[in-house]
Each structure stands twice: as C-alpha cells, then as structure tokens.
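Each chain, written out:
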Amino acid sequence: MFFVLLYCIELGISKFSEASIVFAIYMFIYFASRMTLIAMFGGYITKTTSVSEMLEALNRMKVPRSIGIPFSVLLRFVPTIKIELKALKENMKIRGIVTSRFFPLLHPIKYIEYTLVPLLMRMIKISDELSASALIRGLDSDENRVTLTELQFRCADLTIGLLGAFMIALMIVIQRIY
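Residues numbered from 1 in each chain as written. Predicted model: local features only at pLDDT ≥ 70, side-chain atom pairs only at ≥ 80, totals over all residues. Heavy atoms only, no water.

A few points about the overall build of the protein
And step 1. Per the secondary structure count, the protein includes seven helices and zero strands.
And step 2. Relative to the 2.2 N^0.38 estimate, which gives 16 Å for 178 residues, the radius of gyration of the protein is 21 Å and therefore markedly larger than a compact globule would have.
And step 3. Seen through its principal axes, the protein has C-alpha atoms that stretch 60 × 55 × 25 Å.
And step 4. Within the protein, buried positions represent 19% of all 178 residues.
And step 5. Counting only carbon and sulfur atoms, one obtains 69% of the accessible surface of the protein, whose full area is about 13,600 Å². (Helix = DSSP H or I, 4+ residues; strand = E, 2+ residues; numbered from the N terminus. Rg over C-alpha atoms; globule rule 2.2 N^0.38 Å. Buried < 20%, exposed > 50% of the residue type's maximum accessible area, 1.4 Å probe, protein only. Areas by Shrake-Rupley, 256 points an atom, 1.4 Å probe, with all protein chains shown as cover.)

Remarks on the packing of aromatic side chains
And step 1. Summed over all chains, the structure comprises one aromatic pair.
And step 2. Their ring planes at 65 degrees and their centres at 6.3 Å tell us that Phe103 and Tyr111 sit as a pair that is edge-to-face.
And step 3. A residue is classified by how much of its surface remains accessible, and Tyr111, at 18% relative accessible area, is buried. (Phe/Tyr/Trp six-rings, centres within 6.5 Å; stacked < 30°, edge-to-face > 60°.)

A look at the pattern of salt bridges
And step 1. Scanning all chains against the criterion turns up two salt bridges.
And step 2. Between Arg60 and Glu56 there is a salt bridge, with its nearest N and O atoms 3.2 Å apart. Of this pair, Arg60 and Glu56 both sit in helix H3 (residues 51-60), four residues apart, which is roughly one turn of that helix.
And step 3. Between Glu84 and Arg122 there is a salt bridge, with the nearest N and O atoms lying 2.9 Å from each other. Of this pair, Glu84 sits in helix H4 (residues 65-94) while Arg122 is found in helix H6 (residues 108-136), placing the two residues 38 residues apart along the sequence.
And step 4. Of the residues examined, Arg122 reaches a relative accessible area of 29% and is grouped as partly exposed. (Salt bridge = Lys/Arg side-chain N within 4 Å of Asp/Glu carboxyl O.)

Concerning the nonpolar core
And step 1. If you look at the biggest cluster of nonpolar residues, it comprises eight residues: Val73, Phe77, Ile81, Leu88, Leu119, Ile126, Leu130 and Ala134.
And step 2. Those residues within four positions of Leu88 in sequence are excluded, and the remaining contacts are Tyr114, Thr115, Pro118 and Leu119.
And step 3. Counting five residues, the second-largest nonpolar core is a separate cluster that includes Ile45, Val51, Leu58 and Leu75. (Core = buried A, V, L, I, M, F, W, Y, C linked by side-chain atoms within 4.5 Å. Contact = heavy atoms within 4.5 Å.)

Some remarks on H4
And step 1. Helix length check: H4, at 30 residues, gives a terminal C-alpha distance of 43 Å against a target of 44 Å (1.5 Å per residue), a fit within 8%.
And step 2. When we look at burial in H4, the residues that qualify are Gly68, Ser72, Val73, Leu75, Phe77, Ile81, Glu84, Leu88 and Met92.
And step 3. In this fold, the buried residues of H4 make contact with helix H2 (20-48), H3 and H6.
And step 4. One or two positions beyond H4, positive phi appears at Gly96, with a value near 80 degrees. (Expected span 1.5 Å × (residues − 1).)

Right, here's the structure in full:
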C-alpha cells in the first residue's frame, strides 16, 4: 500500500511544471518507492527465513557460492546493524549529544556526522567478525553441507510467487500506460 501511495504521488507530481524543487521532490519519491520494494523483500526474508535455510535453498537452486556466501553474510549483517544503530542512539542520549526528539530535524548535518562515523567504524569491525564466523562455519568448503531442516516448496510459496509476478506485471502495464 505504501508503494502504491508513493507511485500515485509520483504520477501526480510528474504532471507539474519543470521547477527544480518539484523535480527534487519527484526524484526523492521515485527512489523512495523503488527502495520500498527492496526493503519489503529484505524484511520478509530476514523475518521468515533462517540463514542456513537460505543457503541450502540457494545451493539446491545451483546458485554459485560467490553469490550465496555474500548473501548469507548480508542476512546476518542487517539485523546486527539495526541493533548497533539503536545502541548508538541510546549512547548519544546518555552523553547528552541528542537533547531533544527534534535534534535530527534541527541539526541534520551534526546528526548524520554523530551517527555515521561511529556506525561506519562498528560496521567495519562487524563485517570482519561475520567473515571470520563464515570461514569457521565452513561456508567456503567444497564439501556438501548437511541441513537439519526439511526444505519443501509449499502452496504458500507458490501463492506468494504468483502474487509477486502479478504485481510486477501490473506495474509494467501501468508504466506503459502512463
């Protein structure tokens, strides 16, 4: 629904004049609508699928390991970054850097600097730890992996796949009309 709302706003704004502020708003909404779909897909996968199940499914689909291993690291990386970002915000409140709820709106450059620099440092350390963890677990091994969970293609998987294909086809048709 959020994507449809953003897409309708995008279509409405595109009818206005070529003013630079309107174009900037249009571009922001365009990118937000496209990133919404990617974020929804990522959120769905991280909440419903464990990393070992995802790796086994990718192996059964004969996806190369050069794609599967970075994907598994990414699935472990995103929730960790969420936790780190939450801890960073709490830390800024404790140290008195963020004094009000509106600090990000009143001082956006300072807020980005205070958030981004420590987060980048933590991301480097976390990525090293996740890479070491992947090597210890044997993800780069050529041997076949043993999976304890039973993977099956269910009716719900088919339904979601068909619904996704229908939504993609619908968006292609809508884009060709406008």
